[in-house]
Amino acid sequence: MNITKSFNRSLWAFHFNSGSCNGCEIEIVATLTPRYDPERFGIKLVGSPKHADLLLVTGPVVKKMRPRLLRVYEQIPDPKVVMCVGACGISGGPFYDSYNLDGPIDDVIPVDVYVPGCPPRPEGIIFGVVRALQKLERLQGELP
Amino acid sequence: MSDDTKKAVPYTVPIGPTHPALKEPVMFTFQMEGERILKADFAPGQAHRAIEWMGMRRNPVQIVHLTDRICGICGVSHTLSFARAVEQVMEIEVPERADYIRAIIAEFERIQSHILWAGVAAHELGYDTLLHLSWRVREFAMDVLELLTGNRVNYGIIQVGGVRRDITPDQHETIHNCLDYYSDLKAKLLQVFLEDKTIQMRCRDCGVLTHEEALKLCTVGPTARASGVKMDVRVDYPYAAYGDLEISPVLPDAYLGETRGDVYDRIVVRLLEVDQSVDLIRQCLDLIPAGDITWEAKIPKILSAFKKAHGEAIGRHEAPRGEVFHYVRMDGKEHPTTWKVKASSYSNLMSWIPMLEGEQIADIPIVVASIDPCLSCTDRVAIVRDGRRGIMTKEELTRLSVEKTRRLMR
């Protein structure tokens, strides 16, 4: 329900760990803290996927987390954007030959923005979020 | 609501595996009576990536980059203990300068990890201002780590036989500035964390782990030290440069005069260890000798040395969360035939059960966070063949160990 453009919501993100090594988690939290501070633009992590516009997925999707990732993805209201943070979510990264992977992430859910790096720098994550925001605005424009 | 529907007491509260209070996937089941936890149980295993299995198909030069990624926070700890195990199998003497550089990076990692943990603990108490303040001061350690290793996380600095980057003289000033910053900050950090009324009320006598339980459950690291167990691998079993340094385990009674083994004591231990690490890095910078930084710079030569290595060894390191233990066996092939990782959280997770039972539901996040759990290090897979279970008790393990010693003595 978009009244005018100035009433638009800020971008809220939900973070999902699909079996990551914690490196990307730490960099995502570091991105939110005062040195980089995207919260001044209203960008923050929320506790429920039902409040989120953006799904940040880290990790290579281990077998046990695949159904949970799908459930979280389905709970996010449209329009939504999925951002894959880190090399292992993009291609499996250093875990490419593991027997316990159902990933990479785009085998499980559609991904809109890829942020490479192991882990990506906070500047890289912010750049990815800006790209996600642009895509989200385009998707909102397409809604009836 | 109708009154005749009887509530089943105790009722069950499941938390996880994906929950905003948990940074990593783990499944908790609590039996509750009102707000009080009667029984706690947890099921790890949601972040299993089969790292040991993959490692046994790669050579150690490749594995050091895989061990960096066992855990994104203690990147250097796993690599250091793995490299030490392989070096012992190959009977390599690591240059002294490399040992000092390893110790410096490991201590910087401890500084950033403990401040990170302090921020997470504040967040779990609902004190987000302190989360942001502590993560702001943490960035200075990250800057130095980036200067020294080229990366903020997953440093990739340790190679089998040494380190991959030297510390140049012009970097010393930046390191000293960073250390002075943390020395000046010590009083402030202790004040905001330990004299705050809210933190005292929430953390004092909450999530208690007694000295006996800490010993019985084999806890390690700051969790054990906060319960008064005097252990630290850097002191008990010196390695790298630690044998040359002045160091003793940090215990909470040195600061408070008593040990209660609660969440508050764990905050005390970790904050004091930040200061200890600053002191250790200063000692390292004073003592660091000149010389080579690696035993062999040419990768093909290291690889051919793997093919001559026979035997087994263990490598231990005091990571920010406690002892990390790597067992490696090499049988004259490029890749290890056996590689076993025991991360520090593996020993600490079981202490959740006595800590959580009897506490209130609102204390779950801080008690769970208080041991600084790292599930990506810990998750393993258990294979059940033909429905048979094989459980080794402590007595059986001791018996096997004694038998092996006798066999070797013969």
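Our structure is the block above this text.
None of the values given here were measured: they were computed from a predicted structure. (Residues numbered from 1 in each chain as written. Chains lettered and ligands numbered in written order. Predicted model: local features only at pLDDT ≥ 70, side-chain atom pairs only at ≥ 80, totals over all residues. Heavy atoms only, no water.)

In this section: the overall build of chain A. Each helix and strand in chain A was counted, giving four helices and five strands. What you see in chain A, going N to C, is helices and strands ordered as β-α-β-β-α-β-α-β-α. Its C-alpha atoms give chain A a radius of gyration of 15 Å, near enough to 15 Å, the size a compact globule of 144 residues would have. Dimensions of chain A, computed from the C-alpha atoms along their principal axes, are close to 50 × 35 × 25 Å. Out of the 144 residues belonging to chain A, those deemed buried represent 53%. At a minimum sequence separation of 6, the contacts of chain A that also span at least 24 residues come to 80%. Carbon and sulfur atoms form 55% of the exposed surface of chain A, whose accessible area is close to 6700 Å². Positive and negative side-chain charges in chain A, numbering 16 and 15 respectively, have mean positions lying 3 Å apart. (Helix = DSSP H or I, 4+ residues; strand = E, 2+ residues; numbered from the N terminus. Rg over C-alpha atoms; globule rule 2.2 N^0.38 Å. Buried < 20%, exposed > 50% of the residue type's maximum accessible area, 1.4 Å probe, protein only. Contact = heavy atoms within 4.5 Å. Areas by Shrake-Rupley, 256 points an atom, 1.4 Å probe, with all protein chains shown as cover. Lys, Arg positive; Asp, Glu negative; His and termini not counted. Charge placed at Lys NZ, Arg CZ, Asp CG, Glu CD.)

Residue and element names in this part refer to chain A. Pairing is parallel in the open sheet, where five strands are placed in the order β2-β1-β3-β4-β5. Looking along the sheet, the strands with just one partner apiece sit at the ends: β2 (44-45) and β5 (113-115). In terms of strand pairing, strand β1 (residues 12-17) meets β2 through two bridges, oriented parallel. Looking at β2, one finds that W12 is bridged to K44. Packed onto the sheet, helix α4 (residues 122-142) meets β3 (54-58), β4 (81-85) and β5 and runs at close to 165° relative to β4. (Pairing = 2+ DSSP bridges. Axes fitted to C-alpha atoms, helices over the stretch in contact; angles between N-to-C directions.)

Take the nonpolar core next. All names here are of chain B. Membership of the largest hydrophobic core comes to 92 residues, with the highest contact counts inside it found for F28, F30, F108, F193 and L356. Ranked by the residues each element gives to this core, the list is headed by helix α4 (residues 96-124), at 14 residues. Excluding its chain neighbours within four sequence positions, the residues that come into contact with F193 are A118, A122, L130, S134, I199, I267 and L271. Membership of the second largest hydrophobic core comes to 59 residues, among which are L66, L116, A313 and C374. (Core = buried A, V, L, I, M, F, W, Y, C linked by side-chain atoms within 4.5 Å.)

Right, let's talk about the pattern of salt bridges for a bit. Residues and elements named next belong to chain B. Throughout the structure, instances matching the rule amount to 31 salt bridges over all chains. Its salt-bridge partner being R97, residue D166 comes within 2.9 Å of it at the nearest N-O pair. With D166 in the loop between β5 (162-163) and α6 (171-194) and R97 in helix α4, this pair connects stretches of sequence that are 69 residues apart. Residue class for D166 comes out partly exposed when judged on its relative accessible area of 32%. On the accessibility criterion, R97 (11% relative accessible area) is buried. The residue E318 makes a salt bridge to R225 at a minimum N-O spacing of 2.9 Å. Pair noted here: E318 is in strand β6 (residues 310-319) and R225 is in helix α9 (residues 221-226), with a separation of 93 residues, a long-range link. An identical accessibility class is assigned to E318 and R225; each is buried. (Salt bridge = Lys/Arg side-chain N within 4 Å of Asp/Glu carboxyl O.)

Residues and elements named next belong to chain B. Among the structural elements, P336 can be located in the loop between β7 (322-331) and β8 (338-342). Residues P336 and E312, 24 residues apart in the sequence, show an inter-C-alpha distance of 9.5 Å. Every residue in contact with P336, bar those within four places of it in the chain, is listed here: G55, M56, R58, P60, I63, V328, R329 and M330.

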